[in-house]
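Structural description and commentary
Residues per chain are reported as follows:
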Amino acid sequence: MEDREIVELYWERAEEAIPATVAKYGAYCRTIATNILANDEDAEECVNDTWLKAWNSMPDNRPTLLGSYLGKLTRWLSLSRLRERGRLKRGGGETSLALDELAEVIAGGEDPERELEIRELNAAVRAFLKGLDETERELFLSRYWYLLPVKEIAQRFGFSPNKVSTRLNRTRRRLQNYLMEEGLC
């Protein structure tokens, strides 16, 4: 089933929307949640929460890229669950490590007055990613969006873990330079 048809089912409040979403994006969302939470039960709960969040948000939203929309919801819910349990800094897992790597480049903050700056930062990061070649973009997204371990990324791309780490480090430095040029870092 096409994304637009699934979104239409949500808008019509048709019960078939959820099974169609699960069939098309269940494994994708489960992978995101599992990579972040490293716990199958928590991941499954977050994926189910994703379907509920999608159901509740669709009458107001009509996402054009349903997969990206669901991935974003899953990621947000999974990171929220991780924070709630206080495991983000204590876990010592891939999520903490990947987020720490990015924290060196992008300063965070909970200050509501920075909302405009955050939007500008998001736009700049998207523009930066569009400027990368496909392999560099996929490496970057695998690590910092999907939070995959370096070892798994290396296997997927046929690189050594050291090569992946080196390329990610160079890309982070390029991102930092780009953000500095844009006045955002």
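This write-up is about the structure you can find in this document.

Scoring rules and cut-offs
- Every chain is numbered on its own, with residues counted from 1 as its sequence reads.
- With pLDDT at 70 or above as the cut-off, local features in this predicted model cover only qualifying residues; side-chain atom pairs require 80 or more to be listed or tallied, and sums for whole chains, interfaces and linings still use all residues.
- For the side-chain quantities, the full set of heavy atoms in the structure was used; hydrogens and water were omitted.
- Each reported salt bridge corresponds to a side-chain nitrogen of Lys or Arg within 4 Å of a carboxyl oxygen of Asp or Glu.
- A run of H or I in DSSP becomes a helix once it reaches four residues, and a run of E becomes a strand once it reaches two; helices and strands are each numbered from the N terminus.
- Burial classes: relative accessible area under 20% of the type maximum marks a residue as buried, over 50% as exposed, and values in between as partly exposed (1.4 Å probe, protein chains only).

1. Overview of the pattern of salt bridges
Any two side chains of opposite charge can pair, given that their charged atoms come close. Counting across every chain of the model gives eight salt bridges. With its nearest N and O atoms 2.9 Å apart, the salt bridge here joins Glu8 to Arg62. Of the two residues, Glu8 is situated in helix 1 (residues 3–11) and Arg62 in the loop between helix 3 (40–57) and helix 4 (66–84); the sequence distance between them amounts to 54 residues. Overall, the relative accessible area of 32% leaves Glu8 in the partly exposed class. We classify Arg62 as partly exposed; its relative accessible area is 43%. Two residues, Arg30 and Glu44, come together in a salt bridge whose shortest N-O distance is 3.8 Å. Of this pair, Arg30 sits in helix 2 (residues 17–37) while Glu44 sits in helix 3, and the two are 14 residues apart along the sequence. Taken together, the shared-partner salt bridges in this structure form one network comprising Asp42, Glu45, Asp49 and Arg81.

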